[in-house]
Amino acid sequence: MIYRLKPQQGDTVAVPQLVFARLGAAEEASVRVALYVLATGVTDPDKLCADLKLRSRMTAESALAYWAGAGLLERYDENAAPAGGEPAPTPMRWTEIAAASRTDPMIASLIDCAQTTFARALTHSEMEKLVALYLQEGFEPETVMLCLAYLAGRGKRTMGAVSHELKIWRAEGVATGEEADAHLKLLALREKRERYVAGLLEIEPAALTLGGKKAIARWYEVYGYDDAMVQEAAVQAGPKRDLWYWNSILKTWNAKGLRTIRDVRGPAPVAGASRNIRVDRETPSGNDFLQGALDRPRRHKRKD
């Protein structure tokens, strides 16, 4: 059987040569995302997950980042003012904060939380930045408070660190306090997994690069593998303790649809199975060789 391309009826979409050039290197999900974006113009990760039945939001985000790096997509700041539009609002001054706190008690709660978390009094400049996150940038107070506690636990007690982390959270789809709490649990789980992989590599977790951490997250959150599968990749790699070599193994397994250690190794033969194989019938024969055994005449061995 041979095939040929049918004549097009006008229902076509222009596909840049860039996509064809990347077909051999791009993952299946990335190619699907590229074609969907070209056809619809939609780049929302949640919409991509729903329409393309992707494994997770991170799969969609990884695909978008891949095509942005390849030059098919371009990044932009969704919070930036459009060309010719109104300039970004200036941070509130201390006098404005003091006036606003009389009608919005959440402002005082934010300042108290920050001062307790940082274990010191905030400067007027820090208060202005903190309140701007709430009133001007639209972060929920609970989300800001959770971010303050998270960073303080890592020794980061500056408003610059808080602002930077919150922007990362927003890019990951964190908006509400409930979503922030779930995100913190995910971050804790990622750290646990990074420590486990670092232990297998016999290095300190701090030695992992940002790219390495993203690869580890992909193993668990995109491929759906667990510690046992990661350890199996390390075993099959032998003495080669290289995170990227392990990554190539796990990526290949995922592409082949291998989900468990049994899939990777294949079924183990049972000891002695080749000498004693039982083959059961699909339906019983109906013959019972024990039926009437007591009534049968006994046979004795004849002596010659």
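- As annotated in an unreviewed UniProt entry, the chain carries the name DnaD domain protein and comes from Candidatus Faecalibacterium intestinigallinarum.
- Note on the chain: under the UniProt heading Sequence similarities (unreviewed entry), the record states "Belongs to the DnaB/DnaD family."

## Digging into the overall build of the chain
Move 1: Counting its regular elements, the chain contains 14 helices and 0 strands.
Move 2: In the chain, the order of α-helices and β-strands from amino to carboxyl end is α-α-α-α-α-α-α-α-α-α-α-α-α-α.
Move 3: Among the 304 residues that make up the chain, the fraction classed as buried is 32%.
Move 4: Contacts in the chain between residues at least 24 apart in sequence constitute 61% of all its contacts with a sequence separation of at least 6.
Move 5: If you sum the accessible surface of the chain, you get close to 21,000 Å²; carbon and sulfur atoms cover 53% of it.

## Some details on the nonpolar core
Move 1: The biggest cluster of nonpolar side chains holds 29 residues, and the ones touching the most others in it are Ile111, Leu130, Val162, Leu166 and Trp169.
Move 2: Looking at this core, the elements that each hand over two or more residues are α5 (94–101), α6 (105–118), α7 (124–135), α8 (141–152), α9 (159–171) and α10 (177–201).
Move 3: Sorting elements by how many residues they give to this core places α6 first, with 6 residues.
Move 4: Once residues lying within four places of it in the same chain are set aside, the contact partners of Leu166 are Leu133, Phe139, Thr143, Val144 and Cys147.
Move 5: Formed by 26 residues, the second largest nonpolar core is a distinct cluster that contains Trp219, Tyr225, Ala234 and Leu250.

## Examining a negative patch on the surface
Move 1: Together, Glu140, Glu142, Glu178 and Glu179 make up a negatively charged patch on the protein surface.
Move 2: Relative to the helices and strands, Glu142 is located in helix α8.
Move 3: Looking at Glu142, the relative accessible area reads 48%, which means it is partly exposed.

## A short note on the packing of α6 against α8
Move 1: The N-to-C vectors of α6 and α8 enclose an angle of 5 degrees; their axes lie 10 Å apart at closest approach. When the axes of α6 and α8 are compared, the pair comes out roughly parallel. Side by side, α6 and α8 meet where Met106, Ser109, Leu110, Cys113, Ala114, Thr117 and Phe118 of the first sit next to Pro141, Val144, Met145, Leu148, Ala149 and Ala152 of the second.

## Here we look at helix α12 (residues 227–236)
Move 1: All of the buried residues along α12 are Met229, Val230, Glu232, Ala233 and Ala234.
Move 2: Against α10, α11 (210–221), α13 (243–256) and α14 (261–265) lie the buried residues of α12.
Move 3: With its phi angle positive at about 70 degrees, Gly238 sits one or two positions after the end of α12.

## Focus on the pattern of salt bridges
Move 1: Enumeration according to the criterion identifies 9 salt bridges in this entry.
Move 2: Between Asp46 and Arg57 there is a salt bridge, and its shortest N-O distance comes to 2.8 Å. A residue pair is termed long-range when its members are at least 10 positions apart, and Asp46 in helix α3 (residues 45–52) and Arg57 in helix α4 (residues 57–70) qualify at 11 residues.
Move 3: The exposure class of Arg57 is partly exposed, given its relative accessible area of 24%.

## Quick notes on the environment of Ser62
Move 1: Within the secondary structure, Ser62 is located in helix α4.
Move 2: Judged by relative accessible area, Ser62 falls into the partly exposed class, the value being 29%.
Move 3: Each C-alpha atom, one on Ser62 and one on Arg218, is 9.0 Å from the other, the two residues being 156 residues apart in sequence.

## Quick word on the packing of aromatic side chains
Move 1: On inspection of all chains with the given rule, the structure shows 2 aromatic pairs.
Move 2: Each ring, one from Tyr150 and one from Trp169, has its centre 6.1 Å from the other, and the planes form 55 degrees; the classification is tilted. Of this pair, Tyr150 sits in helix α8 while Trp169 sits in helix α9, and the two are 19 residues apart along the sequence.
Move 3: The class of Tyr150 is buried, set by a relative accessible area of 15%.
Move 4: Here Tyr223 and Tyr225 contribute two aromatic rings whose centre-to-centre distance is 6.0 Å and whose plane-to-plane angle is 65 degrees, an arrangement assigned as edge-to-face.

Basis of the calculations
- Residues numbered from 1 in each chain as written.
- Predicted model: local features only at pLDDT ≥ 70, side-chain atom pairs only at ≥ 80, totals over all residues.
- Heavy atoms only, no water.
- UniProt positions renumbered as here; feature names shortened; annotations may be inferred.
- Helix = DSSP H or I, 4+ residues; strand = E, 2+ residues; numbered from the N terminus.
- Buried < 20%, exposed > 50% of the residue type's maximum accessible area, 1.4 Å probe, protein only.
- Contact = heavy atoms within 4.5 Å.
- Areas by Shrake-Rupley, 256 points an atom, 1.4 Å probe, with all protein chains shown as cover.
- Core = buried A, V, L, I, M, F, W, Y, C linked by side-chain atoms within 4.5 Å.
- Patch = residues over 30% accessible without salt bridge, like charges linked within 9 Å, V, L, I, M, F, W, Y side chains within 5 Å.
- Salt bridge = Lys/Arg side-chain N within 4 Å of Asp/Glu carboxyl O.
- Lys, Arg positive; Asp, Glu negative; His and termini not counted.
- Charge placed at Lys NZ, Arg CZ, Asp CG, Glu CD.
- Axes fitted to C-alpha atoms, helices over the stretch in contact; angles between N-to-C directions.
- Parallel < 35°, antiparallel > 145°, perpendicular 65-115°, else oblique.
- Phe/Tyr/Trp six-rings, centres within 6.5 Å; stacked < 30°, edge-to-face > 60°.

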